[in-house]
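Examining the three-dimensional arrangement
Residue-level listing of the chains:
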Amino acid sequence: MNPLDMQTSSIAVTPGTRDDGYNFAYLDERTKRMIRRAILKAVAIPGYQVAFGSREMPLPYGWGTGGIQVTAAVIGPQDVLKVIDQGADDTVNAVNIRRFFQRTTGVAVTERTREATLIQTRHRIPETPLAKHQIIVYQVPQPEPLQRLEPRAFETRRMHGLAEYGLMHVKLYEDIARFGHVATTYDYPVMVNDRYLMAPSPIPKFDNPKMHMNPALQLFGAGREKRIYAIPPFTKVQSLAFDDHPFAVQKWSASCELCGAADSFLDEVVVDDRGGRIHACSDSDYCRERREGSVQP
Amino acid sequence: MYVAVKGGERAILGSYALIGEQRRGDPGVPELSLEQIKQQLRLAVDRVMTEGSVYDRDLAALALKQASGDTVEAIFLLRAYRTTLPRFGYTRAVDTAGMRLWRRISATFKDLPGGQLLGPTYDYTQRLLDFSLEAGGETLPPAAQARAEATVAEAVPRVVDLLDSEGLIEKSAMDPSDPEPADLTRQPLDFPASRETRLQNLARGDEGFLLAMGYSTQRGYAHSHPFAGEIRYGEVEVLIEPEELGFPISIADISVTECQMVNQFAGSKTEPPKFTAGYGLTFGHCERKAMAMALVDRSLRAEELGERIESPAQMPEFVLSHSDNLEASGFVQHLKLPHYVDFQAELELVRKMRAERATDAAA
């Protein structure tokens, strides 16, 4: 397969047809109400993990069941849905989740970030800035930022209660002492609204600054771990750092082979068996927009 | 090559067709009927019902057929179906002392009221492949007579109740107010977890995981001196008491396996030495699971009984957070999903660190 084919042209808004055998968005209305209550609480306490009665979905745990339940609880018939995985709309799991919602809601879907009212994502935040009328739903494998340092949820809950985050600072300090810089490249911990330490989900730290003061509502769903959390619009989100070791994002010496972007997160694509490789935008919609010329480079 | 992961809808539909074809196998071979699965793969059906948390032999057989016999996949199908079902109410606690027994053994007493009843078991078969099954046309044993001897219709007291009359075993009286149980499929697991919640988690837990956990307690990781007080398998009546009626009505007879492990307890400042119990219960005939569950239930009571907590099987967070095979299977297998954004980030970091090291070495 020619790697250049992977950035296929976008479909514009496509209306769907709903399978009447299921309730709208699959979940029953009482379950949706339960999830909405959890979301409201999460919005009221930015960055705080709200436990919720996560349901067993017809997709596997670890494949987006949290994001799917959050999306199912907030989606309405007028929404325009975009689903991405690794920044792209045509990765198999994104396709599968989009098909699930097309089948159970019949809402219109799009690949264009600007046209979407609701975006479910795994591992990326789109390069195109989000707007006030948009909601972005993150799929979260591990909502607890402290888990690798303290596996017992009973303990980490106490640490959040007391805002006792010394353990994380020590971890970052040890990284710097050993490697000269923080050795975390994705799921890089953030402090939300100066209060709660939060896992941003496994987005590259490149995307962390996009969370700060974002006009869109950001919702996070962890199905297997049964937690929902949120960042309301225009909320302060800071990546952890030290004064003498400020936070910095990834930079590439290359630019996108397809659209020439030098400011986007680039995937490295191996093109032959002799070590040849090119770089291409991970955000396939951003790349398409640039190639079609709707954004000036 | 990673690019191949991007294939979209066509690839997914293609995979449906292929898995359908593989499931059916050679079309020249007659298709399996659900009745055959229900009748001839009973123990697989029982396990799927137990861990799928739905007592329905037809649905479990359908799930097994659809999953090509993959038990965990079948459990997944059944659970995903179950999640959409409305809750009508709670049954009364099932009375296992009133069980119509097909099997009942105790390893603690040679003989006891009601006697030992071996029933259907592979325990004392010699594990030699029976090539007469290979050919088909199995000759049926004189089943009618065996069954007549094997079923005990009258209620037989449970072994722990016999110990109870001497005060030798802890009391586990039912709360007379009969509070609504926690429902782990509706509310998230929270720690510390009550024993009822733990038992519910273990009942849904993966047989293999519980087996290994229970086994570890026998090999020095949280030794608890267990005896198989009683294992019974048979039919019990399920009763509900609708509020508007005010009396219980029977809605089903279901088969269950119950295991009560009896463990020594040295006593504490406030309690005299006595026996404690670990409890296991499954749908159908899942004896290995019921026994493992009882061992793990007991080891998880370490804190309550003032025992030192040193081993994984005694740690509720460790056991209960990892017992569910759908959670485990989903998360382990999610590693198949593309991770190239994260990998790219790591690649960049490792290259940077290697470059730094090379510069340091050169300097």
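Small disclaimer: the values here were computed from a predicted structure and weren't measured.

Conventions used here
Residues numbered from 1 in each chain as written. Chains lettered and ligands numbered in written order. Predicted model: local features only at pLDDT ≥ 70, side-chain atom pairs only at ≥ 80, totals over all residues. Heavy atoms only, no water. Helix = DSSP H or I, 4+ residues; strand = E, 2+ residues; numbered from the N terminus. Buried < 20%, exposed > 50% of the residue type's maximum accessible area, 1.4 Å probe, protein only. Areas by Shrake-Rupley, 256 points an atom, 1.4 Å probe, with all protein chains shown as cover. Lys, Arg positive; Asp, Glu negative; His and termini not counted. Charge placed at Lys NZ, Arg CZ, Asp CG, Glu CD. pLDDT = per-residue confidence, 0-100. Contact = heavy atoms within 4.5 Å. Pairing = 2+ DSSP bridges. Axes fitted to C-alpha atoms, helices over the stretch in contact; angles between N-to-C directions. Parallel < 35°, antiparallel > 145°, perpendicular 65-115°, else oblique. Left-handed = near helix turned anticlockwise from the far one by under 90°. Nonpolar A, V, L, I, M, F, W, Y, C, P; charged D, E, K, R; others polar. Salt bridge = Lys/Arg side-chain N within 4 Å of Asp/Glu carboxyl O. Core = buried A, V, L, I, M, F, W, Y, C linked by side-chain atoms within 4.5 Å. Phe/Tyr/Trp six-rings, centres within 6.5 Å; stacked < 30°, edge-to-face > 60°. Lys NZ or Arg CZ within 6 Å of the ring centre and 35° of its normal. Arc of directions from axis to C-beta. Polar contact = N/O pair within 3.5 Å; in protein donor to acceptor, adjacent residues only side chain to side chain.

1. Details of the overall build of chain B
The secondary structure content of chain B amounts to 14 helices and four strands. Principal-axis analysis of the C-alpha atoms gives chain B an extent of 80 × 65 × 55 Å. Relative to its 363 residues, chain B shows a buried fraction of 38%. On chain B, roughly 21,100 Å² of surface is accessible, and the fraction owed to carbon and sulfur atoms is 57%. Distance between charge centroids for chain B: 4 Å, based on 39 positive and 54 negative side chains.

2. What about the confidence of the model for chain B?
On average, chain B scores 88 in pLDDT, and the residues at 70 or more come to 93%. As a predicted assembly, this complex carries a pTM of 0.88 together with an ipTM value of 0.82.

3. What about the side chain of E327 of chain B?
Looking at the element boundaries, E327 of chain B is found in helix α13 (residues 325-333). When its relative accessible area of 15% is taken as the criterion, E327 of chain B is described as buried. E327 of chain B has contacts with Y61, R224 and K226 of chain A together with S321 of chain B, leaving out every residue within four places of it along the chain.

4. With respect to the sheet that holds strand β10 (residues 237-239) of chain A
All names here are of chain A. Sheet architecture is open: three strands sit in the order β7-β6-β10, paired in antiparallel fashion. A strand with exactly one partner marks an edge of an open sheet, and here the two such strands are β7 (196-198) and β10. Each strand axis lies, on average, 30 degrees off the axis of its neighbour in the sheet, ignoring direction. Pairing of strand β6 (residues 190-192) with β10, which is carried by three bridges, proceeds in the antiparallel orientation. Paired with V192 across the bridge in β10 is V237.

5. Digging into the packing of helix α10 (residues 207-218) of chain B against helix α11 (residues 287-299) of chain B
Residue and element names in this part refer to chain B. It is the contact of α10 with α11, at a shortest axis distance of 8 Å, that shows an interaxial angle of 55 degrees. Here α10 is positioned oblique relative to α11, judged by the angle of their axes. Handedness of the crossing formed by α10 with α11: left-handed. Contact with α10, carried on its side by E207, L210, L211, M213, G214, T217 and Q218, involves R288, K289, A292, M293, L295, V296 and S299 of α11 and no other residues of that element. A class-by-class count of the residues in the contact of α10 with α11 yields seven nonpolar, four polar and three charged.

6. Here we look at the pattern of salt bridges
Across all of its chains, the model carries 48 salt bridges over all chains by this definition. Linking R158 of chain A and E155 of chain A is a salt bridge whose minimum nitrogen-to-oxygen distance equals 3.2 Å. Of this pair, R158 of chain A and E155 of chain A both sit in helix α4 (residues 153-161), three residues apart, roughly one helical turn. Between R288 of chain B and E207 of chain B there is a salt bridge, with its nearest N and O atoms 2.6 Å apart. Placement of R288 of chain B in helix α11 and of E207 of chain B in helix α10 is noted, with a sequence separation of 81 residues between them. Taken together, the shared-partner salt bridges connect E56 of chain A together with R79, R204 and D324 of chain B into one network.

7. Description of the nonpolar core
All names here are of chain A. Core analysis: the largest hydrophobic core is formed by 32 residues, its most contacted members being I35, L81 and I228. Those elements that provide at least two residues to this core are α1 (29-44), α2 (65-74), β2 (80-85), α3 (92-105), β8 (217-222) and β9 (227-231). In contact with I35, not counting residues within four places along its chain, are L27, F52, Q69, V70, A73 and I228. In this structure, L130, I136, Y138 and F220 belong to the second largest nonpolar core, which totals 20 residues.

8. Some thoughts on the pairing of strand β2 (residues 226-240) of chain B
Residues and elements named next belong to chain B. Bridge analysis of strand β1 (residues 100-105) against β2 gives five bridges, and the strand direction is antiparallel. Looking at β2, one finds that R100 is bridged to E235. Relative to strand β3 (residues 249-265), β2 is paired through 14 bridges, and the arrangement is antiparallel. Bridged to A228 within β3 is M261.

9. Focus: the sheet that holds strand β4 (residues 274-283) of chain B
Residue and element names in this part refer to chain B. Strand order in the open sheet formed by four strands is β1-β2-β3-β4, and the pairing between neighbours is antiparallel. Each having just a single partner strand, β1 and β4 make up the two edges of the open sheet. Looking at each pair of strands side by side, their axes are set apart by 20 degrees on average, direction ignored. Against the sheet, α11 engages β1, β2, β3 and β4, with an angle of about 140 degrees to β4.

10. What to know about the packing of aromatic side chains
Here the structure, examined in full by the defined rule, presents twelve aromatic pairs over all chains. Ring geometry for Y138 of chain A against F220 of chain A: centres 4.2 Å apart, planes inclined by 5 degrees, an arrangement best described as stacked. On the criterion of sequence distance, the pair formed by Y138 of chain A in strand β5 (residues 135-139) and F220 of chain A in strand β8 is long-range, its members being 82 residues apart. A network of ring pairs unites the aromatic residues Y22, Y26, F100 and F101 of chain A as a single cluster. In this arrangement the basic side chain of R195 of chain A is found over the ring face of Y196 of chain A, its NZ or CZ atom lying 4.2 Å from the centre. The ring of F331 of chain B carries the charged tip of R224 of chain A above its face, separated from the ring centre by 3.6 Å.

11. Looking at unusual backbone geometry
When glycine is set aside, most residues are seen to have a negative phi, and most peptide bonds are trans. Cis peptide bonds are those with omega within 30 degrees of zero, and the linkage from F191 of chain B to P192 of chain B qualifies with -5 degrees. Take P192 of chain B: it is sitting in the loop between α8 (159-164) and α9 (195-204). A positive phi is found at Q86 of chain A, a non-glycine position, where the angle reads about 60 degrees. One non-glycine residue, D194 of chain A, lies in positive phi territory at about 60 degrees.

12. With respect to α4 of chain A
Residue and element names in this part refer to chain A. Here α4 has its buried residues at T156, M159 and H160. Projected down its long axis, α4 shows its buried positions confined to an angular sector of 100 degrees, all on one face. Looking at the buried positions of α4, the neighbouring elements they touch are α5 (166-179) and β7. Of the residues trailing α4, A163 is marked for its positive phi of about 50 degrees.

13. Section: the side chain of Q134 of chain A
Residue and element names in this part refer to chain A. Tracing the chain through its elements places Q134 in the loop between β4 (118-122) and β5. Residue Q134 is classed as buried on the basis of its relative accessible area of 3%. Within the structure, the side chain of Q134 is placed 2.8 Å from the backbone oxygen of A116, a separation counted as a polar contact. At 2.8 Å, the side chain of Q134 forms a polar contact with the backbone nitrogen of A131. Filtering out sequence-adjacent residues up to four positions away, Q134 remains in contact with T113, R114, A116, T117, I119, A216 and L217.

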